[in-house]
Amino acid sequence: MISKKPPEAADKRKAWSLQQGETLAGFLFVGPMLIGVIILVLIPIIATLVLGFADWNFVQGFDGIRWVGFQNFINLFQDEMFIRSVRNNFIFLLTVPIYMLVSMVLAVLIDRYVYFKGFFKIAYFVPYVSMTVAVAVVWQVLFQPSYGPINEMLKAVGITDPPKWIADPNFALISIMMISIWISIGFNMIIYIAGLQSIPKDLYEAADIDGANAWTKFRRITFPLLSPTSFFLLVTGIIATFKVFDIIAVMTQGGPIGSTTMMVWYLYDTAFVNLKVGYASSIAVVLFIFVLLITLGQWIAQKKWVNY
Amino acid sequence: MREGLEWRKVIMTIIMFAGSILFLLPFIWMLVTSFKVETDVFTYPIQWIPRKWNVIENYKEVWFGQYPFTLYYWNSIKVAVTTTLLSCLVSAMAAYGFSKIKFAASNFLFLIVLITYMIPGQAILIPQFILYRNIGLFDSHLGLILLGSFSVLGTFMLRQFFMGLHQEYIESAKIDGAGHPRIFWSIALPLVKPAVATYAILRFIWTWNDYQNPLIFIRSDNLLTLPIAIQKFTSMSGEFYSLIMAAAVSAILPLIIVFIMGQKSVIEGIALGGVKG
């Protein structure tokens, strides 16, 4: 058969329609995810940014929106409860290095110095996979000030006036932080164990030949080579502290007298209890900026102190 | 010297075992308390083995009483299973599309998805709430399921695995005349099955434990999932701590079972993806 068109043109057209087919298939495959993300995430984040400049109450309907410019943000920085929630959030950051340190030690011990590794991995991981709400309810009872098991034990060992834990403004945040550390250890430990397993064994063998003791090996090999893992855990840990919610909602509701109010709790309280949508959106904007700054900071800091 | 080293390991194992028991003590206390009669809950010294057993009565009250956990279980199972299935499908499709199909806007679209990964869920709650109120998805299980089904995290995780598949598989299937849907379903997906299973277990655990979305998007008592039910149950039963602990045990137990059964893939998945739910 004699083709009327030159063969290259036909090839080109074929390639063109093939590429069109690929594009169509591509859109088909990423389509559901993309539509979901646009409707449920992208549009809402834009709406949040816009609503941050409004004064609005759910009940009034869309006609009730009043644009107030930066007033919400100005108010935020004079709002004692908000400042307190940000401060509590920053105090809460202390949990991150603490559980990272504990997890690192546990990971090294489990990876090298014990039998039944599998058991220990599961045991320390259980609080992380358990339902936070159920765990919070259990701790609520354990911390019961006058007859709870923890204070009974403290009294038994001679502490006559044990703290009132979550009922005491001076102890409530620390109590929540302790539980949060307990929950986070398992996750961090698993990541550290994975990090340890990627360290080449011959480094330790070489150190053995040089007569290095366990501490030297830890200081000179393990710790530096774990720095990418530590960095990752630090960043995700910091971001996670800005999202703490369940445990506060169940155990203290931000109290007593605001001592455990955190940004997300304050956001929830403002939006869904006090129905101040605009003001709550401006809190969301500040929260978003915090997370954004941490993520950006990660890129900059990464190059400085992480050993690859 | 070898002998000494082993001894050190034995001693360390014993110390660590004691440590892990201490670590798990709240769970042990919860379990033991759920077996007790109410009057024995706070006796001191703590009865680690109940003096009087009240197991059947406690659990019967929790499961079939005024706040029937059978209903909340059903709700939780329905939401968690459907979310998991849908999320796996949507994420796997997107992961395949972004890694195995070369098309024009691919990189740009992936960037959009990437950006949304950084957005904290709580920052978009209010518009989501308003949207749901206006399109009738508020106070429905479908709405809850949709919220959990478009996980960027799942797309990232699975994309890693799809990228590991050799392009030759895809090319040779194409030469044999298979289209992308077919290649995806009968070649690519089976090859990444372990990764999908890992993600599925994680997604199930996260959905089962999710407190925030049901708190905000569900209002009707008969639609509640377990985390909210636990909280309601706790505030309603007030001082009946043995019942509250039976409720907590009931909520956590299936999770621990799923976790122990799939622990290898859960731990590997967590370690590999470094994911935080």
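Please read all numbers here as calculations on a predicted model, not as lab measurements. (Residues numbered from 1 in each chain as written. Chains lettered and ligands numbered in written order. Predicted model: local features only at pLDDT ≥ 70, side-chain atom pairs only at ≥ 80, totals over all residues. Heavy atoms only, no water.)

Turning our attention to the overall build of chain A. Counting secondary structure elements, chain A contains 14 helices and 2 strands. Here the C-alpha atoms of chain A give a radius of gyration of 27 Å, more than 25% beyond the 19 Å that 2.2 N^0.38 yields for 308 residues. The principal-axis extent of the C-alpha atoms belonging to chain A is close to 105 × 75 × 35 Å. A total of 308 residues make up chain A; the buried ones form 51% of that total. Considering only intrachain contacts with a sequence separation of at least 6, the fraction spanning at least 24 residues in chain A is 66%. (Helix = DSSP H or I, 4+ residues; strand = E, 2+ residues; numbered from the N terminus. Rg over C-alpha atoms; globule rule 2.2 N^0.38 Å. Buried < 20%, exposed > 50% of the residue type's maximum accessible area, 1.4 Å probe, protein only. Contact = heavy atoms within 4.5 Å.)

The partner chain A presents 93 residues to the 93 residues of chain B that form the contact. For the pair chain B and chain A, the summed buried surface comes to about 8100 Å²; carbon and sulfur atoms form 81% of the total. Viewed at the interface, chain A and chain B are joined by 1 salt bridge. Between Glu22(A) and Lys174(B) there is a salt bridge, with its nearest N and O atoms 3.4 Å apart. In this assembly, chain B and chain A are joined by 11 residue pairs in polar contact (both at pLDDT 80 or more). Ranked by the residues each element gives to the side of chain B that touches chain A, the list is headed by helix H1 (residues 2-34) of chain B, at 16 residues. (Buried area = accessible area lost by both parts, 1.4 Å probe. Salt bridge = Lys/Arg side-chain N within 4 Å of Asp/Glu carboxyl O. Polar contact = N/O pair within 3.5 Å; in protein donor to acceptor, adjacent residues only side chain to side chain.)

All names here are of chain B. This chain's UniProt record puts "transmembrane region" (unreviewed entry) on residues 12-32, 72-96, 108-130, 142-162, 183-206 and 240-260. Helix makes up 100% of residues 12-32 and strand makes up 0%, while its end C-alpha atoms are separated by 28 Å. Helix and strand shares over residues 108-130 are 74% and 0% respectively, and the end C-alpha atoms of the span are 29 Å apart. (UniProt positions renumbered as here; feature names shortened; annotations may be inferred.)

On to a nonpolar patch on the surface, then. A grouping of Phe116(A), Phe119(A), Met153(A), Phe17(B), Ile21(B), Ile28(B), Tyr44(B), Trp48(B), Ile49(B) and Trp53(B) is seen on the molecular surface, where their side chains present a nonpolar patch of about 1000 Å² in accessible area. In terms of residue count, H1(B) provides more of the nonpolar patch than any other element does, 3 residues in total. Along the chain, the position of Tyr44(B) falls in the loop between H1 and helix H2 (55-64). Overall, Tyr44(B) belongs to the partly exposed group, its relative accessible area being 34%. (Patch = residues over 30% accessible without salt bridge, like charges linked within 9 Å, V, L, I, M, F, W, Y side chains within 5 Å. Areas by Shrake-Rupley, 256 points an atom, 1.4 Å probe, with all protein chains shown as cover.)

A word on the environment of Ile39(A). Within the fold, Ile39(A) resides in helix H1 (residues 7-51). Under the relative-accessibility criterion, Ile39(A) is labelled partly exposed at 40%. In sequence terms Ile39(A) and Tyr128(A) are 89 residues apart; their C-alpha atoms lie 31 Å from each other. Every residue in contact with Ile39(A), bar those within four places of it in the chain, is listed here: Pro44(A) and Leu131(B).

Residue and element names in this part refer to chain A. Within the element layout of this structure, asparagine 88 appears in helix H3 (residues 80-92). A relative accessible area of 2% means that asparagine 88 is categorised as buried. Excluding residues within four positions of it along the chain, asparagine 88 makes contact with Leu173, Gly258, Ser259, Thr260, Thr261 and Met262.

What follows deals with the pattern of salt bridges. Taken as a whole and assessed by the stated rule, the structure comprises 6 salt bridges over all chains. In this structure, Asp208(A) engages Lys217(A) in a salt bridge whose closest nitrogen and oxygen atoms are separated by 2.9 Å. Judged by relative accessible area, which is 45%, Asp208(A) ranks as partly exposed. Residues Lys232(B) and Asp221(B) are paired through a salt bridge, measuring 3.5 Å at the closest nitrogen-oxygen approach. Of this pair, Lys232(B) sits in helix H12 (residues 226-237) while Asp221(B) sits in the loop between helix H11 (212-217) and H12, and the two are 11 residues apart along the sequence. Taking relative accessible area as the criterion, Lys232(B) reaches 30% and is therefore assigned partly exposed.

This brings us to the packing of H2(B) against helix H13 (residues 241-261) of chain B. All names here are of chain B. Remark: H2 packs on H13, axes separated minimally by 9 Å, with the N-to-C direction vectors making an angle of 70°. Accordingly, the angle class assigned to the pair H2 and H13 is roughly perpendicular. The hand of the H2/H13 crossing is right-handed. Of the residues in H13, those touching H2 at Asn58, Tyr59, Glu61, Val62 and Trp63 are Ser242, Leu243, Ala246, Ala247, Val249 and Ser250. Of the residues contributing to the contact of H2 with H13, the split by class is 7 nonpolar, 3 polar and 1 charged. (Axes fitted to C-alpha atoms, helices over the stretch in contact; angles between N-to-C directions. Parallel < 35°, antiparallel > 145°, perpendicular 65-115°, else oblique. Left-handed = near helix turned anticlockwise from the far one by under 90°. Nonpolar A, V, L, I, M, F, W, Y, C, P; charged D, E, K, R; others polar.)

Moving on, we get to the packing of helix H4 (residues 95-112) of chain A against helix H11 (residues 227-241) of chain A. Residue and element names in this part refer to chain A. At a minimum axis distance of 9 Å, the contact between H4 and H11 shows a crossing angle of 140°. On the basis of the axis angle, H4 is oblique to H11. Once H4 is placed against H11, the crossing between them reads as right-handed. Contacts between H4 and H11 involve Thr95, Val96, Tyr99, Met100 and Met104 from the first element and Ser230, Leu233, Leu234, Gly237, Ile238 and Thr241 from the second. Its residues assigned to classes, the contact of H4 with H11 shows 7 nonpolar, 4 polar and no charged.

All right, on to the nonpolar core then. Core analysis: the biggest nonpolar cluster contains 199 residues, and Ile126(B) and Phe162(B) have the highest contact counts within it. Contact partners of Ile126(B), with chain neighbours within four places excluded, come to Leu51(A), Phe58(A), Leu267(A), Ala271(A), Phe272(A), Val277(A), Ala280(A) and Ser281(A). (Core = buried A, V, L, I, M, F, W, Y, C linked by side-chain atoms within 4.5 Å.)

Residues and elements named next belong to chain A. Residue placement: lysine 155 occurs in helix H7 (residues 149-156). Residue lysine 155 is classed as partly exposed on the basis of its relative accessible area, which comes to 36%. Residues in contact with lysine 155, not counting those within four places in the same chain, are Ser146 and Pro162.

Attention now goes to the environment of Ala229(B). Among the structural elements, Ala229(B) can be located in helix H12. Spatially, the C-alpha atom of Ala229(B) lies 36 Å from that of Met16(B), the residues being 213 residues apart in sequence.

What follows deals with the side chain of Asp79(A). Residues and elements named next belong to chain A. In this structure, aspartate 79 sits in the loop between helix H2 (71-76) and H3. Buried charged residue aspartate 79 carries no salt bridge. Nearest counter-charge: lysine 276, at 6.5 Å. For aspartate 79, the contacting residues outside a window of four places in its chain are Tyr266 and Tyr279. (Lys, Arg positive; Asp, Glu negative; His and termini not counted.)

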